[in-house]
Amino acid sequence: MNFDTRKYVIIVFILTVGIIYTIRLFFMQVIDDTWTLRATEVSERRKQIVPPRGAIFDRFGTKVVSNRTYYNLMFVEDDIKHLDTAAFEKLLGWEKGDVKKRFKEIVIEQRTYRDKNDGYKVKPNYQSDRPYAFIKEMTLDEIAKIAPNLYKFPGFYEEITSMRSYTYPNGANIFGYITEVNEKEIEEDSYYRKGDNIGRAGIEKFYEKELRGQKGIKYIVTSARNNELKPYMGGKYDTIAKQGPNFRLGIDIKLQEYGEKLMQGKRGCIVAIEPSTGEILALVSSPTYDPNLLIGNRNIKKNYPKLILDKDMPLFPRPLAAEYPPGSIFKLLQSLIALQEGVITPESGFPCNKGLVGCHPGHTANNLPDAIKFSCNPYFYAVVRRILQQGKSKNVFADAEIGMNKWYDYMMAFGLGQKFDSDVTGLRPGLIPNSAYYNKWYGYHRWAFSTIRSNSIGQGEIKLTPLQMANVACIIANRGWYYTPHFVKSIGGKGSLPQFRKKHKCKIDRKNYDPVVEGMRRAVNEPGGTASRAKINNEQKIIVCGKTGTAQNPHGEDHAVFISFAPMDQPKIAIAVFIENAGFGGTWSAPVASLMMEKYLTRKVKDKEKEKRILEATFKN
Amino acid sequence: MRQGEKLTSHLDWPLLIIYFLFLIMGMATVYSTSLNPEHPNLFDYSQKYGKQIVWLGVSLFLGLLVFLIDSSVYRKFAVPIYLFTLVLLVAVLFMPPINGARAWLQLGGFGIQPAEFAKTGTALLLARYISSLNIKQQNLNSVLVANAIMLVPMVLILLQPDAGTFVVFTSFLFVMYREGLTYDPLVLKIVNLIPGIKFKQTWVGTHFIPIMFAVVFLCIVTLLLSNNTLTFDFLPGVKIPGFFGVIISLLIFCLIAFFFLRFNSSKRDRRRITTVILLAFILSTSIASSVNYLFQNLAEHQKDRIELVLGISKKDEKNGKDYNRNRAMAAVGSGGLFGKGYTNASVATIESNHVPESETDFIFCPYAEEWGFVGTFILIVMYMIMFFRIIMIAERQRSRFNRVYAYSVVMILFYHLAVNIGMNIGFAPVIGIPLPFFSYGGSSMMSFSVLIFVLLKLDSQRSHVLQ
């Protein structure tokens, strides 16, 4: 018998297995991802390297917000062997039982989930093989006390983290603060992982995407016991963390510091802007707080509740969010509109008819600049009546509506009644009523000038934020245009955002500004002017132009308002000062503005007496 | 050796070269998977690769020694060699167990596994016995003796216990089959007991061995896939139950065989081939179906038992009973097309320890992870080339002794490959046997080398032997 054909059986047998194995390997290795994912799951750890946030400098290059290294005391439960809690508590300087409490707290902090694969049982997210922070954000001094003895407690180790550091205790409401991201933010932006920080307010919030930089990712091979072994594939897929770019602000930190000092004991705010650029030089909200109080989650936990419960509301950003009646400073805008509409000339005179509305005694306004100088209320009633009732319609109500719509368009062009497209976060729009507003309120054609006349002098429905008030000063200083007020001058040397480089024109011809500016000059510099306290007594003879305002406050003492700019020609600073419950604007707000302008323009204040008077004043209930 | 003949004349260079290629690849993989960055020197004898280098040297020395001995010696001393390995297998049973098995014989500082050398001994004796038979002499007696030669070491190995090597010994059944020693006499004995039946030969009895192995292979694959669903990345939404995958594979395989054989056979045979293939398809499909049906309808605890034996427990797959295989498959599968690169394995290294025994029984993992499908394809092709080369060598022997021995070698190597890679890709239960020429370990390296060098020697002197 010949068995030679049987060799083919064996050959086919071997070949079949070879082919089947090859096909199987092709499926497993090339086509099916399951095993690759499985390998990643068991043997890799994605480690994020969070870069320090971008540093922030003021307009003169002083570093105002930087980063400081802090230390997290981390632990992995599975690596802890026989923890001597008593010794550990002693090392940390904690009370007995605190360590146990902290462990429980960490498990609770991680929350729970419902396991789909296990009958929707509630299970903790906490995993004993993952690292968690036992103590967060310890300073170098704190960790230095612990670190030398940490080797006695296997499973615990230190991890470097970076937190903010502020050179000056000022500008808290400008910079904002950072805290840990919440669940919702993690869901919305895949950039964040639990424990990451995010800007919560101010510049930190608005420029979060730039300031946070770029995370680096390291892929690390882990062992079956979850130890880190080496970079995955020699670090081929790793990315390097990139710190956020340096920020240059328009803020002058010295001016900011001085402003906060002046506003001590007062409620209110100062907004100073460079008119030629729209850069905010100082933005004082008083009372304020030291930004160092909100560094790190431990500090925030301790200090935030105190700040939020403070009845003076230090966290409330008054310059952007407080909407006040502007008071008499509004007369400036009414004048501009009337001149543009041609309903008055600079030489127009109106009697100071106190029967119509109350006014300061002892003046007659024979022309517009004098009316501004004296802040004559009846004069501006007459002016605004002419704006609104231009006689375009025989029906007085329809006529008022036409006038009102025109007036409203001018107001919009001044940037009022709307939020600036700015990097200032938490802005409020203020309120500029239009005809629709009054139609709704009083009924269609059931209102005319006499119904809404208090708007003429900045009372009534009109509301402005102090930032808008300062911007009004800018517009007048520039004689007709403004840049959106903003904080950031340049990001990483690449200039500011494009919307800040767009000039906004204000529908008023250049020539119409002259009488208004002249009025503001007289108000400060001529005897009998309402704002004589705003004058800078300085050998350089800086001419200040300003306008006082007193915003009536139904709840108490009037608010003192003052806007101004200096010097009169080629202004370098425009400023709005608002002090709550301080009474007449010329008495308290004007000198504050004067001191601020002197400080900014000459870098020092010579008028110590004026300064002393302001520092000693308090206006709190 | 005849006068004036060079030692290397008639040496089969292709086999030797592929053997050396495997040694280099194996050494590289052992180095990569057990690399200790603090001792990167290949010749650092405190490390596994340093030790493996020593084993390589010893193996090559042994090979040379084997090669220097005249081929007639192996025939003459087949019985003493076989008995010597049996003595070692008995002796090892009195050793203290290591990892639950008495597989190691401690000689000084070294440990050797007699089971590895028993393969060579058995191969030689089987060759000696079969070559002594008349070619027509297949009877009950000869079948029983041949099986006994195989079974005695198998029983001793099972006592250790060493399931892997035990399974490998069944490879001799194929050798016997090739030489006409089948279970037909046994089957005839039983069948002819029935009054009125007087068969001279039964087809089932003759081809019992390849059929049995095909059925076993089919059953295992069916069981392994019966709980799975095949999904494809490039065909989203398409889900094929694993069982249908088996049926489809069978169909494709039968079709390929059909067309291949149809165009390579005489007209007379065509009808027969068609019938056989159709019958094979129907039979294999029904076997797969019944296995699948039985498995699906088993009680839960019975299912668990089978899964435990096969090592495919679904329960707590990630960290449970099937941990080893799951991690091994993860390592292999994560290699991708081109692999992660040499020394870049992340799952299958000794250091990471996700795949235990990644330098010995699971050495295919680091290789597959580092070289990807390209690497594994080349590896399987190389093994296929080696096997077919050995079959070619076997078939050119004039001596039946040489041929039986050569077939023993190829079947032993093939078994090691099939089971070892099978357990890395989920086709075989996890039973620890080394991958030839790759796995770390002295005994397997030496025994495989001796197997190959004896074959090379027999082949080089094939013209001397008349029988």
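What counts, and where the lines are drawn
Residues numbered from 1 in each chain as written. Chains lettered and ligands numbered in written order. Predicted model: local features only at pLDDT ≥ 70, side-chain atom pairs only at ≥ 80, totals over all residues. Heavy atoms only, no water. Helix = DSSP H or I, 4+ residues; strand = E, 2+ residues; numbered from the N terminus. Rg over C-alpha atoms; globule rule 2.2 N^0.38 Å. Contact = heavy atoms within 4.5 Å. Areas by Shrake-Rupley, 256 points an atom, 1.4 Å probe, with all protein chains shown as cover. Lys, Arg positive; Asp, Glu negative; His and termini not counted. Charge placed at Lys NZ, Arg CZ, Asp CG, Glu CD. Buried area = accessible area lost by both parts, 1.4 Å probe. Salt bridge = Lys/Arg side-chain N within 4 Å of Asp/Glu carboxyl O. Core = buried A, V, L, I, M, F, W, Y, C linked by side-chain atoms within 4.5 Å. Buried < 20%, exposed > 50% of the residue type's maximum accessible area, 1.4 Å probe, protein only. Domains from an automatic or database assignment. Polar contact = N/O pair within 3.5 Å; in protein donor to acceptor, adjacent residues only side chain to side chain. Pairing = 2+ DSSP bridges. Axes fitted to C-alpha atoms, helices over the stretch in contact; angles between N-to-C directions. Disulfide = S-S within 2.5 Å. Expected span 1.5 Å × (residues − 1). Parallel < 35°, antiparallel > 145°, perpendicular 65-115°, else oblique. Left-handed = near helix turned anticlockwise from the far one by under 90°. Nonpolar A, V, L, I, M, F, W, Y, C, P; charged D, E, K, R; others polar. pLDDT = per-residue confidence, 0-100.

1. Regarding the overall build of chain A
Of regular secondary structure, chain A possesses 21 helices and 20 strands. Computed over C-alpha atoms, the radius of gyration of chain A comes to 33 Å, more than 25% over the 25 Å expected from 2.2 N^0.38 for 621 residues, which places it beyond the range of a compact globule. Taken along its principal axes, the extent of the C-alpha atoms in chain A is 135 × 65 × 45 Å. Excluding contacts between residues fewer than 6 apart, the proportion of contacts in chain A whose partners are at least 24 apart in sequence is 69%. Accessible area for chain A stands at about 27,800 Å²; split by element, carbon and sulfur atoms hold 51% of it. Charge-centre separation for chain A: the mean point of 92 positive side chains lies 2 Å from the mean point of 67 negative side chains.

2. Observations concerning the interface of chain A and chain B
In this complex, chain A contributes 43 residues to the contact, which on the side of chain B involves 65 residues. With both chains or domains summed, chain A and chain B bury close to 4,800 Å², and 71% of this area falls on carbon and sulfur atoms. Among the residues of chain A in contact with chain B, A:Arg6, A:Tyr21 and A:Gln29 are the three that bury the most area, contributing 16% of the side total. Here chain A is connected to chain B by zero salt bridges.

3. Observations concerning the nonpolar core
Counting residues in hydrophobic clusters, the biggest one holds 120 residues, and the most contacted among them are B:Met386, B:Ile390, B:Tyr405 and B:Phe437. A total of 17 residues in this core trace back to one element, the largest contributor, which is helix H17 (residues 400-424) of chain B. The residues contacting B:Ile390, other than those within four sequence positions of it, are B:Leu15, B:Ala406, B:Val409, B:Val410, B:Leu413, B:Ile452 and B:Leu455. Within the second largest apolar cluster, 102 residues are counted, among which are A:Leu283, A:Met404, A:Ile462 and A:Ile475.

4. With respect to the domain arrangement of chain A
All names here are of chain A. The domains assigned to chain A are domain 1 (46-69 + 156-249) and domain 2 (253-307 + 318-616). Summarising the inter-unit geometry, the C-alpha centres of domain 1 and domain 2 are found 39 Å apart. Facing 32 residues of domain 1, the contacting portion of domain 2 comprises 35 residues. When domain 1 packs against domain 2, close to 2,900 Å² is buried across both sides, 62% of that on carbon and sulfur atoms. Three residues, Arg59, Asn173 and Tyr177, lead the burial of domain 1 against domain 2; their summed loss comes to 20% of the area buried on that side. Linking domain 1 with domain 2 are two salt bridges. One salt bridge in this structure joins Arg59 and Glu274, with 3.1 Å as the shortest N-O distance. There are twelve residue pairs in polar contact (both at pLDDT 80 or more) connecting domain 1 and domain 2.

5. Here we look at the sheet that holds strand E10 (residues 216-222) of chain A
In a beta sheet, neighbouring strands are held together by backbone hydrogen bonds and run either parallel or antiparallel to one another. Residues and elements named next belong to chain A. Strand order in the open sheet formed by three strands is E1-E10-E11, and the pairing between neighbours is antiparallel. Two strands close off the open sheet at either side, each with one partner strand: strand E1 (44-49) and strand E11 (228-231). Ignoring which end each strand starts from, the neighbouring axes of this sheet average 40° apart. Where helix H2 (residues 34-43) meets the sheet, its contacts fall on E1 and E10, and the angle it forms with E1 comes to roughly 65°.

6. Examining the pattern of salt bridges
All names here are of chain A. Within the structure shown, the criterion is met by 43 salt bridges over all chains. Asp312 serves as the salt-bridge partner of Arg267, at 3.2 Å between the closest nitrogen and oxygen. Taken together, the residues span a long stretch of sequence, with Arg267 in the loop between helix H10 (253-262) and strand E13 (268-274) and Asp312 in the loop between helix H11 (296-309) and helix H12 (318-321) at a distance of 45 residues. Under the relative-accessibility criterion, Asp312 is labelled buried at 10%. Linking Glu341 and Lys406 is a salt bridge whose minimum nitrogen-to-oxygen distance equals 3.5 Å. Residue Glu341 is located in helix H13 (residues 330-341), and its partner Lys406 is located in helix H16 (residues 396-413); the two are separated by 65 residues in the primary sequence. Three or more residues are tied together by salt bridges with common partners; here these are Asp370, Lys373, Glu518, Arg521, Arg522 and Glu526.

7. What to know about unusual backbone geometry
Geometrically, the link from A:Ser286 to A:Pro287 is a cis peptide bond, its omega value of -5° lying close to zero. Tracing the sequence through the fold places A:Pro287 in the loop between strand E14 (279-286) and H11. With an omega of -15°, the peptide bond between A:Ala566 and A:Pro567 qualifies as cis. For A:Arg111, which is not glycine, the phi torsion reads 65° and is therefore positive. Mapped onto the elements of the fold, A:Arg111 is located in the loop between helix H4 (98-109) and strand E4 (112-115). Judged by relative accessible area, A:Arg111 falls into the exposed class, the value being 51%. Of note in the backbone geometry, B:Thr343 takes a positive phi value of approximately 60° without being a glycine. Relative to the helices and strands, B:Thr343 is located in the loop between helix H15 (323-333) and helix H16 (364-395).

8. Section: the state of the cysteines
All names here are of chain A. By the definition in use, this model includes zero disulfides over all chains. With no disulfide partner, Cys474 has as its closest neighbouring cysteine sulfur the one in Cys506, 10 Å distant. When its relative accessible area of 2% is taken as the criterion, Cys474 is described as buried.

9. So, helix H18 (residues 442-460) of chain B
For H18(B), spanning 19 residues, the distance from its first C-alpha to its last is 26 Å, which sits close to the expected 27 Å at 1.5 Å a residue. The buried fraction of H18(B) amounts to 19 of the 19 residues, a majority that puts the element mostly inside the structure.

10. Some points on the packing of H2(A) against H15(B)
Closest axis-to-axis distance for the H2(A)/H15(B) pair is 7 Å, and the angle between their directions is 110°. By the criterion of interaxial angle, the relationship of H2(A) to H15(B) is roughly perpendicular. Between H2(A) and H15(B) lies a crossing whose hand is left-handed. Side by side, H2(A) and H15(B) meet where A:Trp35, A:Thr36, A:Arg38, A:Ala39 and A:Val42 of the first sit next to B:Asn326, B:Arg327, B:Met329, B:Ala330 and B:Gly333 of the second. In terms of residue class, the contact of H2(A) with H15(B) is made up of five nonpolar, three polar and two charged.

11. A look at the pairing of strand E3 (residues 63-76) of chain A
The side chains of a regular strand alternate between the sheet's two faces. All names here are of chain A. Burial analysis of E3 places ten of its 14 residues in the buried class, which makes it a mostly covered element. Sheet topology places E3 next to strand E7 (residues 156-166); eleven bridges connect them, and they run antiparallel. Each bridged residue has a counterpart across the sheet, and for Arg68 the counterpart in E7 is Met163. Taken together, the five bridges between E3 and strand E6 (residues 131-138) define a ladder with antiparallel strand orientation. In the sheet register, Val76 faces E6, and the bridge partner there is Pro131.

12. Quick notes on the confidence of the model for chain B
Looking at chain B, the pLDDT average stands at 84 and 91% of residues meet or exceed 70. Across chain B, H16(B) holds the top mean pLDDT of 94, while strand E3 (residues 229-231) of chain B sits lowest at 65.

13. Digging into the domain arrangement of chain B
How big an interface is tends to be reported as the loss of accessible area on association of its parts. All names here are of chain B. Considered domain by domain, chain B is made up of domain 1 (1-181 + 381-467) and domain 2 (198-311). Between domain 1 and domain 2, the residue contacts involve ten residues of the former and nine residues of the latter. For the pair domain 1 and domain 2, the two sides together bury roughly 880 Å², of which 78% comes from carbon and sulfur. Area buried by domain 1 at its contact with domain 2 is led by Tyr177, Phe427 and Pro429, which between them contribute 57% of it. The tally of links between domain 1 and domain 2 comes to zero salt bridges. Put simply, domain 1 and domain 2 have one residue pair in polar contact (both at pLDDT 80 or more) between them. The biggest single contributor to the side of domain 1 that touches domain 2 is helix H8 (residues 171-178), with three residues. Here the residues of the side of domain 1 that touches domain 2 are counted per class, giving eight nonpolar, two polar and no charged.

14. Regarding the side chain of B:Asn147
As for its position among the elements, B:Asn147 is in helix H6 (residues 140-159). Given the relative accessible area of 8%, B:Asn147 is considered buried.

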